[in-house]
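# Observations on the model geometry
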Amino acid sequence: MSDPSAGDTAQSGLCLNLRIISVVIFNFASYLTIGLPLAVLPGYVHDVMGYSAFWAGLVISLQYFATLLSRPHAGRFADLWGPKKVVIFGLSGALVCGLCYALAALSSAVPLLSLLLLCLGRMVLGVGQSFAGTGATLWGVGVVGSLHIGRVISWNGIFTYGAMAIGAPLGVAIYLSGGLMLLAAIVMAIALLAIVLALPRPAVKTSKGKPLPFRAVLGRIWGYGLILAMGSVGFGVIATFITLFYQDKGWQGAAFTLTLFSVAFVGTRMLFPNAINRHGGLNVALVCFAVEALGLLMVWGAWEPWMAKVGALLTGAGFSLVFPAIGVVAVNVVPPQNQGSALATYTAFMDLALGITGPLAGLVMSFAGVPVIYLLSSLLVCLAILATIRLKLATG
């Protein structure tokens, strides 16, 4: 006979997941508007508008810088206004960005104006992304309770990376069908639909109490953010440089290796949704860091393509739960009325790490070759293990 309690547990888990998904779907919409033009805009700026590769890269990078700089503000306003209003504000940024894309397409005869409109749109999108992402996570926590914050962060990440993975090839197909104007229209339609669906949903109560100043929040969570930053480097070097690694080795199949990394990342979050609640954030992080470090070492020492693929798979699986595992602990060291600021500030450490990994790793590669960045990244993850152990001992 089947165990009724096990069935009840599975049913309650499914209901819990559906309630979380009903909110983090708005972050999926936000990231879909980011992913759609990601593979289109660099070529458009360089090949169609005639600007250099520097400007093509800058158009993309502006969004990330805007996201990084606006993270603390997104958290503070989420604490003050409530997460629902912050999500709608963020989605409105995606809508304005789509409008800027459309105006850039209409003003293509004046390349400088078109470029400025693209840059403006990317900056507005970056601000919108930080607000929508932070707000969606806190909205989900408000819906299911702070006990399940790890599960909320995990589902948010699944939808985030899923939207990016779907968005890039879909955006290319849309651009080939109707150019930048059609792409802009799709971006605006997605943002508008998400806003319309979000408006009637009930808001969640915000915690009352005097919020801590930003400096105080940063002082409490910087250690957790630093550990996250060290662990994020492995993700950065796989996502950014695995293609160059394969070229350096004279191998084929870099794209499939990236697919394995992504599948392992999403699959691990789906297979272990309750691991953080069951074993504790820091304990889960230690196991994850060990798996990630092993994966990076395998990529570094790979003499056959299958070793690099297994290494990427392990790196994706290891990194998958790092953000929610450390994040659960980080958010809980501040009062409830400061959880938005804590989450946004914590996330900014990953933004910063991914932002500086590219140029620093590129500098190292120019002197020491491509493979060494995977060895150094593995050593950095090992440092994260030591820092997590020290944090675990300090917090008892």
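Bear in mind the structure is a predicted one, so any value in this text is a computation, not a measurement. (Residues numbered from 1 in each chain as written. Predicted model: local features only at pLDDT ≥ 70, side-chain atom pairs only at ≥ 80, totals over all residues. Heavy atoms only, no water.)

Helix and strand counts for the chain stand at 14 helices and zero strands. In the chain, the succession of α and β elements from N to C terminus is α-α-α-α-α-α-α-α-α-α-α-α-α-α. The globule rule puts the C-alpha radius of gyration for 396 residues at 21 Å, and the 21 Å found for the chain is close to it. In terms of its C-alpha atoms, the chain occupies a principal-axis envelope of roughly 65 × 55 × 55 Å. Here the chain holds 396 residues, and the buried ones make up 52% of them. (Helix = DSSP H or I, 4+ residues; strand = E, 2+ residues; numbered from the N terminus. Rg over C-alpha atoms; globule rule 2.2 N^0.38 Å. Buried < 20%, exposed > 50% of the residue type's maximum accessible area, 1.4 Å probe, protein only.)

A grouping of Leu 99, Leu 103, Leu 106 and Met 181 is seen on the molecular surface, where their side chains present a nonpolar patch of about 360 Å² in accessible area. Per element, the largest residue contribution to the nonpolar patch is three residues, and it comes from helix α4 (residues 83–106). Looking at the secondary structure, you find Met 181 in helix α6 (residues 149–198). (Patch = residues over 30% accessible without salt bridge, like charges linked within 9 Å, V, L, I, M, F, W, Y side chains within 5 Å. Areas by Shrake-Rupley, 256 points an atom, 1.4 Å probe, with all protein chains shown as cover. Salt bridge = Lys/Arg side-chain N within 4 Å of Asp/Glu carboxyl O.)

This part covers the packing of aromatic side chains. Think of a pair of aromatic rings as described by two things: how far the centres are apart, and how the planes are tilted against each other in angle. By the definition in use, this model includes 10 aromatic pairs. Between Phe 28 and Phe 159 the ring centres are 5.9 Å apart and the planes differ by 85 degrees, which places this aromatic pair in the edge-to-face class. You can see Phe 28 sitting in helix α1 (residues 4–35) and its partner Phe 159 sitting in helix α6, a full 131 residues away along the chain. On the accessibility criterion, Phe 159 (15% relative accessible area) is buried. Centre to centre, the rings of Phe 89 and Phe 131 are 4.9 Å apart; their planes meet at 50 degrees, and the pair counts as tilted. Pair noted here: Phe 89 is in helix α4 and Phe 131 is in helix α5 (residues 111–144), with a separation of 42 residues, a long-range link. Exposure remark for Phe 89: the relative accessible area of 40% places this residue in the partly exposed category. (Phe/Tyr/Trp six-rings, centres within 6.5 Å; stacked < 30°, edge-to-face > 60°.)

All right, on to the nonpolar core then. Counting residues in each nonpolar core, the largest one holds 74 residues, and the members touching the most others are Ile 221, Phe 245 and Tyr 374. Tyr 374 has contacts with Val 237, Ile 238, Phe 241, Ile 242, Phe 245, Leu 296, Val 299 and Trp 300, leaving out every residue within four places of it along the chain. Ile 34, Ala 56, Ala 104 and Ala 198 belong to the second largest nonpolar core, which has 44 residues in total. (Core = buried A, V, L, I, M, F, W, Y, C linked by side-chain atoms within 4.5 Å. Contact = heavy atoms within 4.5 Å.)

Let's shift gears to helix α11 (residues 305–320). With 16 residues, α11 should cover 22 Å at 1.5 Å per step; its first-to-last C-alpha distance of 23 Å lies within 8% of that length. All of the buried residues along α11 are Met 307, Ala 308, Lys 309, Gly 311, Ala 312, Thr 315, Gly 316, Gly 318, Phe 319 and Ser 320. (Expected span 1.5 Å × (residues − 1).)

When the pLDDT values of the chain are averaged, the result is 81; 91% of them are 70 or greater. The secondary structure element of the chain with the lowest average pLDDT is α1, at 73, and the one with the highest is α4, at 92. (pLDDT = per-residue confidence, 0-100.)

With that settled, consider the state of the cysteines. According to the stated counting rule, one finds zero disulfides in the structure shown. The closest cysteine sulfur to the non-disulfide-bonded Cys 97 is located on Cys 100, 6.4 Å from its own sulfur. Cysteine Cys 288 shares no disulfide, and the gap to the nearest cysteine sulfur, in Cys 382, comes to 14 Å. Since its relative accessible area comes to 7%, Cys 288 is described here as buried. (Disulfide = S-S within 2.5 Å.)

Approximately 320 Å³ is the volume found for the second largest pocket. Looking at the second largest pocket, it is lined by 17 residues, and the ones nearest its centre are Val 233, Ile 356, Thr 357, Leu 360 and Leu 380. Of all the elements in the fold, those that place two or more residues in the lining of the second largest pocket are α7 (214–249), α13 (339–368) and α14 (372–394). Its residues placed into classes, the lining of the second largest pocket shows 15 nonpolar, two polar and no charged. (1 Å grid on protein atoms, 1.4 Å probe; cavity = no way out; pocket = protein on both sides within 12 Å on 5 of 7 lines; lining within 4 Å. Points joined across faces, edges and corners; volume = space filled by probe spheres on them. Nonpolar A, V, L, I, M, F, W, Y, C, P; charged D, E, K, R; others polar.)

Bringing the side chain of Thr 67 into the picture now. With respect to the element layout, Thr 67 can be found in helix α3 (residues 53–81). The buried category is assigned to Thr 67, whose relative accessible area is 2%. Within the structure, Thr 67 has its side chain in polar contact with the backbone oxygen of Gly 126 (distance 2.9 Å). Engagement of the side chain of Thr 67 in a polar contact is seen with the side chain of Gln 129, the distance being 3.1 Å. Excluding anything up to four places from it in sequence, Thr 67 contacts Gly 126, Gln 129, Ser 130 and Asp 351. (Polar contact = N/O pair within 3.5 Å; in protein donor to acceptor, adjacent residues only side chain to side chain.)

Here α5 spans 49 Å end to end across 34 residues, near enough to the 50 Å set by a 1.5 Å rise per residue. The buried fraction of α5 amounts to 24 of the 34 residues, a majority that puts the element mostly inside the structure. Phi turns positive one or two residues past the end of α5, at Gly 145, with a value near 100 degrees.

Attention now goes to the environment of Ala 78. Relative to the elements of secondary structure, Ala 78 occurs in helix α3. Here the alpha-carbon distance between Ala 78 and Ile 276, two residues 198 residues apart in the chain, equals 24 Å.

Moving on to the packing of α5 against α6. Between α5 and α6, whose axes approach to 9 Å, the crossing angle comes to 150 degrees. As summarised for this structure, α5 and α6 are arranged roughly antiparallel, according to the angle between their axes. In the crossing of α5 with α6, the sense of the turn from one axis to the other is right-handed. Where α5 approaches α6, its residues Leu 118, Gly 133, Ala 136, Thr 137, Trp 139, Gly 140, Val 141 and Val 144 are matched on the opposing element by Ile 149, Val 152, Ile 153, Asn 156, Leu 180 and Ala 198. Residues of the contact of α5 with α6, tallied by class, amount to 10 nonpolar, four polar and no charged. (Axes fitted to C-alpha atoms, helices over the stretch in contact; angles between N-to-C directions. Parallel < 35°, antiparallel > 145°, perpendicular 65-115°, else oblique. Left-handed = near helix turned anticlockwise from the far one by under 90°.)

Turning our attention to the environment of Phe 245. Structurally, the position occupied by Phe 245 is in helix α7. Each C-alpha atom of the pair Phe 245 and Val 299 lies 9.1 Å from the other, and the pair is 54 residues apart in sequence. Contacts of Phe 245, omitting those with residues within four sequence positions, involve Trp 251, Val 299, Ala 308, Val 370, Pro 371 and Tyr 374.

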